[in-house]
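# Reading the structure
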Amino acid sequence: MFRRRSFAPFVNEYTRILVLGTMPGEASLAAGEYYAFKHNAFWKIVADLLNQGQFFESYEQKLDTLAAAQIGLWDNLFQCKRVGSLDSNITEARPNDFASLFKKYPNIRRLVFNGQKSFQFFQKFQAPLLADFDCFTAPSTSPANASFSYAQKLGAWKKALEL
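Conventions adopted
- Residues numbered from 1 in each chain as written.
- Predicted model: local features only at pLDDT ≥ 70, side-chain atom pairs only at ≥ 80, totals over all residues.
- Heavy atoms only, no water.
- Axes fitted to C-alpha atoms, helices over the stretch in contact; angles between N-to-C directions.
- Helix = DSSP H or I, 4+ residues; strand = E, 2+ residues; numbered from the N terminus.
- Parallel < 35°, antiparallel > 145°, perpendicular 65-115°, else oblique.
- Left-handed = near helix turned anticlockwise from the far one by under 90°.
- Contact = heavy atoms within 4.5 Å.
- Nonpolar A, V, L, I, M, F, W, Y, C, P; charged D, E, K, R; others polar.
- Core = buried A, V, L, I, M, F, W, Y, C linked by side-chain atoms within 4.5 Å.
- Buried < 20%, exposed > 50% of the residue type's maximum accessible area, 1.4 Å probe, protein only.

## Things to note about the packing of helix 2 (residues 42–50) against helix 6 (residues 150–160)
Remark: helix 2 packs on helix 6, axes separated minimally by 10 Å, with the N-to-C direction vectors making an angle of 60°. As summarised for this structure, helix 2 and helix 6 are arranged oblique, according to the angle between their axes. Where helix 2 crosses over helix 6, the two elements pack in a sense that is right-handed. Judged by residue contacts, Phe42, Lys44, Ile45, Asp48 and Leu49 of helix 2 engage Tyr150, Lys153, Leu154, Trp157 and Lys158 from helix 6. Of the residues in the contact of helix 2 with helix 6, the class split is six nonpolar, no polar and four charged.

Right, here's the structure in full:
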């Protein structure tokens, strides 16, 4: 088992929507970037919804696009043990400090969970906070979530990212 740690949150004082994953996968950890696995649909969805379908030139452009839309990123878990990238392999999960984050960034009003597992971890560790937010569980953008087509994922994420 390998001990994994999440990234710092990508948020600022204007963030109104916070997209929450579980824990970065191996490709993301290696790249030091959220959703870096080339088959994960997250950035394609963001490009289609917020960048007129245009591919991003850089990771910085991806983040700038999210920031302009007042969208932030973080993960439920600060640390865990996991072999590979599947959420089902996570053990010894330790949550991130959401109470402090929400106190520092009070404009966050909506939480969008990237898949059911993300919501389950938040519910397990942060249940009292759920009542304070408009919450939306979107289909996981992971290629492991083959039960949803790209079009279905795109439609659900469009609803999730609207305020």
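## Quick look at the nonpolar core
One broad rule of soluble globular proteins: the nonpolar side chains tend to lie buried together. Leu18, Trp43 and Phe102 are the most contacted members of the largest nonpolar core, which has 38 residues in total. Of all the secondary structure elements, the ones that give two or more residues to this core are strand 2 (17–21), helix 2, helix 3 (59–68), strand 3 (71–75), helix 4 (98–104), strand 6 (110–114), helix 5 (116–126) and helix 6. Ranked by residue count, the leading element in this core is helix 2, at five residues. When residues no more than four places from it in sequence are discounted, the contact partners of Phe102 are Leu18, Ile108, Leu111, Phe122, Leu129 and Phe133. Counting five residues, the second largest nonpolar core, distinct from the first, contains Met23, Cys80, Ile90 and Phe121.

## Digging into the side chain of Ser118
Its location among the elements puts Ser118 in helix 5. Its relative accessible area of 0% is what places Ser118 among the buried residues. Apart from the residues lying within four places of it in its own chain, the contact partners of Ser118 are Leu20, Gly21, Thr22, Asn76 and Phe113.

Spatial relationships are all this shows, so hold off on functional conclusions.
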